[in-house]
Amino acid sequence: MPRGRYSLHDPHDHTPLAREHFHCAPGPSGWRYVSQLTSPSGEHTGSVDLALDELGRPIRLELHARGWQVRGAALDGVTWVRTDPTGGHATEGNVPAHAFTGTSPAFLVATARLLRLTPSASATRVRLVAFTDPVLAPRTVDQSWALVKRETHATDSGPLTVDEYQVTALDTGERHAVHLAGDVVLAAPGIELEDLESPPSVFA
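Residues numbered from 1 in each chain as written. Predicted model: local features only at pLDDT ≥ 70, side-chain atom pairs only at ≥ 80, totals over all residues. Heavy atoms only, no water.

Draft legend 1. Quick peek at the overall build of the protein chain. Counting secondary structure elements, the protein chain contains 1 helix and 15 strands. On C-alpha atoms alone, the protein chain measures out to a radius of gyration of 16 Å, which is about the 17 Å that the 2.2 N^0.38 rule sets for 204 residues. Dimensions of the protein chain along its principal axes, counting C-alpha atoms only, are 55 × 40 × 40 Å. Put simply, the protein chain has 204 residues, and 44% of those count as buried. Total accessible area on the protein chain stands at roughly 10,500 Å², and carbon and sulfur atoms take up 51% of it. Each charge class in the protein chain can be summarised by its mean position, and for the 17 positive and 24 negative side chains these summaries are 4 Å apart. (Helix = DSSP H or I, 4+ residues; strand = E, 2+ residues; numbered from the N terminus. Rg over C-alpha atoms; globule rule 2.2 N^0.38 Å. Buried < 20%, exposed > 50% of the residue type's maximum accessible area, 1.4 Å probe, protein only. Areas by Shrake-Rupley, 256 points an atom, 1.4 Å probe, with all protein chains shown as cover. Lys, Arg positive; Asp, Glu negative; His and termini not counted. Charge placed at Lys NZ, Arg CZ, Asp CG, Glu CD.)

Below you can see the structure in the form of structure tokens.
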């Protein structure tokens, strides 16, 4: 069960945004990721709880951020309920999309798991609902994912396979690289792996 800490920063000016303390693990029904977020000053600011089924679809998502809350799942596309800090106004949304995304590294692993690309495959288009900070506002985004390279590196704990993805935002054409090892993000825009207590899990 990988356990560790990511630092999140603005990908443009590198302003520190948060630290995400996480643990994740594959299980008999899929994969689960749980994390707690703190501000650079150490204040608790939110949490992520994401569970995928064996096909990589989100069967449960729960996000908290500064009083806001989102609960969602794959249902007729993706469906969610968003609640304001007072708890008095809940709004429901539904979009014919494949999955969710957001600032947490969990969503990069989840999207890669859903697409299951191979290095020889062409780029695949995916529609996602992004929940943006700081109020978890939903926004539908279209991306293109391609697995451009897969390399295996020798480590003290055994071989480590690293996948490099090219992710393109289809509305702007902006491209960036995402490096994954199993269910851990090694590098991506705005994400730095600061600490990892155990090796990444290997998906079957």
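Draft legend 2. Fine view of the pattern of salt bridges. For the structure shown, the criterion picks out 10 salt bridges. Two residues, Asp-142 and Arg-127, come together in a salt bridge whose shortest N-O distance is 2.7 Å. Of the two residues, Asp-142 is situated in strand β11 (residues 137–155) and Arg-127 in strand β10 (residues 124–132); the sequence distance between them amounts to 15 residues. Looking at Arg-127, the relative accessible area reads 30%, which means it is partly exposed. Ionic contacts of the salt-bridge type, sharing partners, join the residues Arg-5, Arg-19 and Glu-194 into one network. (Salt bridge = Lys/Arg side-chain N within 4 Å of Asp/Glu carboxyl O.)

Draft legend 3. Representation of the nonpolar core in the model. Counting 47 residues, the largest nonpolar core has Phe-131, Trp-145 and Tyr-165 as its most contacted members. Apart from the residues lying within four places of it in its own chain, the contact partners of Tyr-165 are Ala-112, Leu-117, Trp-145, Ala-146, Leu-147, His-176, Ala-177, Val-178 and Leu-180. (Core = buried A, V, L, I, M, F, W, Y, C linked by side-chain atoms within 4.5 Å. Contact = heavy atoms within 4.5 Å.)

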